[in-house]
Amino acid sequence: MAHKFDVVVVGAGAAGLFCAAQAGQRGLKVLLLDHSEKVAEKIRISGGGRCNFTNRDATPAQFLGENPHFCRSALSRYTPQDFIELLQRHSIPFHEKHKGQLFCDRSAEDIINMLLAECDAGQVTRWQPCGVKSIKYGSNPDGTGVSSYQIESDRGLIEAPQVVIATGGLSIPKIGATDFGYRIAKQFGLRLVEPRAALVPLTFDGEAWVPYAQLSGLALPVLIETSPADATPKQRKKAVVFSEDLLFTHRGLSGPAVLQISSFWREGQPIRIDLAPGVDLPGLLLRAKASSKKLIANELATLVPSRLADAWVSQDPALQRPISEATDKALQALAQRLAGWELTPNGSEGYKKAEVTTGGVDTRDLSSQTLESKQPGLYFIGEVVDVTGWLGGYNFQWAWASAHACAEALAARAAA
Ligand SMILES: Cc1cc2nc3c(=O)[nH]c(=O)nc-3n(C[C@H](O)[C@H](O)[C@H](O)COP(=O)(O)OP(=O)(O)OC[C@H]3O[C@@H](n4cnc5c(N)ncnc54)[C@H](O)[C@@H]3O)c2cc1C
């Protein structure tokens, strides 16, 4: 005998837990299953353990995907304020850290416990660990002539008229990420946008990186963009520029600045970094030349971190001299290179370090109102969809908003 539910949600991460809870609270009999023993491992490790659960200022402008308007409907119907009010109802303390980013005061466990309590309030049945072997759509074996989804799981056959896929992207396979959602999408004839690791550190050729590897651990505020110096004015106008902290690592660059730009970067393309934003480097260096006897490296160290100044100057013998002996042209060239450091990554740290996956289920095959696919009764929510947020709480906001839109649609379809 098959287990019968109104809805089966596959994947008990951020989107799956929230959708199951919302659907359950709308009176549906919901089964939520996950192949991992623990639910919501990504919430647990997110935001350095404190979960940056939303961004006060989230708008569709902070999301990427082939159709940048797709996220509009869901985001407008479940806002950051709605999620904040949910936290307040559960008396969870939180604070704003930076640019609208909201974090738990205590730990990410608060969010997980809240979502589990919301699932309990909706009488959601949870099975985990429980893998799914196959999902088929067709006539029920009971001979009633009614069609539904038959899900072959590790705990037996399940039947449901509606199925939600909330299995996320490919990032961090060691805590349970799989391509399950993409495979199900393909099986039902839906299109996919090539997935890519994003919000991820970028790496550089070993040889070329030698002078900078010694800077590992150094962090500084920068402006960063993908647009190369020879970009046309039109390209430059469209380029995305982030003002964030950069972090040097042994293998390359990381920190919020690089994670942000990694979502836009493509193989072979240079990135451009202003290492001293807001500083009039040429003016200050030329003024120092007129009045100082110090070495260029020492003068530069008053304008950028001294480790960076040393590493930079040590690569060019012409700069290893007192600033008073440098030509104006050499100082101007130095200033220009620091303000427009252009370098081409050879790759990224990949899915093992990426916070998210861009691409996924093609939004042309999904409804932006309901997240239902063109296969009736089959929905995709959260990161498995080709909607990716910037760093800063936007990805969780998409998980909540897409889950909420889907839960409304599940209830409406069940009632129809
Ligand atoms: C280190 C790190 C830090 C992050 N920090 C933040 C942050 O602070 N703020 C923010 O907004 N975003 C953050 N993110 C991104 C955010 O975690 C994700 O965008 C979000 O969790 C996506 O939610 P989801 O429910 O779609 O997928 P997930 O949360 O990934 O959940 C998917 C679930 O599906 C399950 N699953 C997968 N395959 C199967 C299968 N075959 N069968 C059954 N179950 C399956 C998984 O076990 C998992 O429980 C971070 C990500 C990482 C990796």
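Our structure is the block above this text.
In this text, all values refer to a predicted model and were calculated from it rather than measured experimentally.

A few words on the site of the ligand. In the vicinity of the ligand there are 30 residues, among which Ala15, Asp34, Thr178, Glu383 and Phe396 approach most closely. Contacts to the ligand include alanine 14, whose backbone N or O atom sits 3.1 Å from an oxygen atom. In the model, an oxygen atom of the ligand is placed 3.2 Å from a nitrogen or oxygen of the glycine 47 main chain. Compared with its free state, where it exposes 1,000 Å², the ligand has 92% of that area covered by protein. Counting residues per element, the ones that place at least two in the shell around the ligand are α1 (14-25), α2 (41-45) and α14 (394-415).

Quick look at the side chain of threonine 54 now. Position of threonine 54 among the secondary structure elements: in strand β4 (residues 52-55). By relative accessible area, which is 0% here, threonine 54 ends up buried. Among the polar contacts listed, one links the side chain of threonine 54 to the side chain of glutamine 397, at a separation of 2.6 Å. Setting aside residues no more than four positions away along its own chain, threonine 54 makes contact with Pro80, Ile84, Gly100, Gln101, Leu102, Gly392, Gly393 and Gln397.

Take the pattern of salt bridges next. Applying the stated criterion across every chain yields a total of 19 salt bridges. For the salt bridge of arginine 183 with aspartate 179, the shortest nitrogen-to-oxygen distance reads 2.8 Å. Overall, aspartate 179 belongs to the partly exposed group, its relative accessible area being 33%. A single network of salt bridges, built from pairs that share partners, joins Glu41, Arg44 and Glu109.

Turning our eyes to something else, we now look at the layout of surface pockets. Considering only enclosed or pocket space, the second largest pocket measures out at about 400 Å³ in volume. Looking at the second largest pocket, it is lined by 13 residues, and the ones nearest its centre are Thr226, Lys238, Ala239, Phe264 and Gln269. In terms of residue class, the lining of the second largest pocket is built from six nonpolar, five polar and two charged.

With that settled, consider the packing of aromatic side chains. This structure, assessed with the given rule, holds 23 aromatic pairs. Centroid distance phenylalanine 5 to tryptophan 127: 6.2 Å. Interplanar angle 90°. Geometry classified as edge-to-face. Placement of the pair is phenylalanine 5 in the loop between β1 (3-4) and β2 (7-10) and tryptophan 127 in strand β8 (residues 125-127), with a sequence separation of 122 residues. The buried category is assigned to tryptophan 127, whose relative accessible area is 11%. Ring plane angle 15° and centroid distance 4.7 Å describe the contact between phenylalanine 204 and tryptophan 209, whose orientation is recorded as stacked. In this structure phenylalanine 204 comes out as buried when scored by relative accessible area, which is 9%. Ring pairing ties together the aromatic residues Phe18, Phe53, Tyr78, Phe83, Phe94, Phe396 and Trp400, which thus form one cluster.

Rules used in this analysis
All residue numbers refer to position in the chain's written sequence, counted from 1. In view of the model being predicted, local features appear only for residues whose pLDDT reaches at least 70, and side-chain atom pairs are presented and counted only at 80 or more, with totals across whole chains, interfaces and linings using the full set of residues. As a rule here, side-chain values come from all non-hydrogen atoms in the structure, and water together with hydrogens is ignored. Only a single heavy atom is needed: when it lies within 4 Å of a molecule or strand, its residue is near that molecule or strand. N or O atoms within 3.5 Å of each other form a polar contact, as long as, within protein, one can give a hydrogen and the other can take it, and as long as residues adjacent in sequence are counted only when both atoms are side-chain atoms. The accessible surface values rely on the Shrake-Rupley method and a 1.4 Å probe; as for residues, cover is taken only from the protein chains in view. The helix and strand labels rest on DSSP assignments: H or I over at least four residues marks a helix, E over at least two residues marks a strand, and numbering proceeds from the N terminus. Only protein chains enter the accessibility calculation, which uses a 1.4 Å probe; a residue is then buried when its area is under 20% of its type maximum, exposed when over 50%, and partly exposed in between. We call two residues contacting when some pair of their heavy atoms lies within 4.5 Å. By salt bridge we mean one thing: a side-chain nitrogen of Lys or Arg within 4 Å of a carboxyl oxygen of Asp or Glu. The distinction between a cavity and a pocket rests on a 1 Å grid over the protein atoms alone: a 1.4 Å probe fits inside a cavity but cannot get out, while a pocket stays open yet meets protein on both sides within 12 Å along at least five of seven lines, and a residue with an atom within 4 Å of a point counts as lining. Grid points are joined across faces, edges and corners, and a volume is the space filled by probe spheres set on the points. For this classification, Asp, Glu, Lys and Arg are treated as charged, while Ala, Val, Leu, Ile, Met, Phe, Trp, Tyr, Cys and Pro are nonpolar and the rest, including Gly, are polar. A pair of aromatic rings is counted whenever rings of Phe, Tyr or Trp (Trp by its six-membered ring) have centres within 6.5 Å, and the orientation is called stacked for planes under 30 degrees apart, edge-to-face for over 60 and tilted otherwise.

Note that all results are geometric; they support no functional claim without further evidence.
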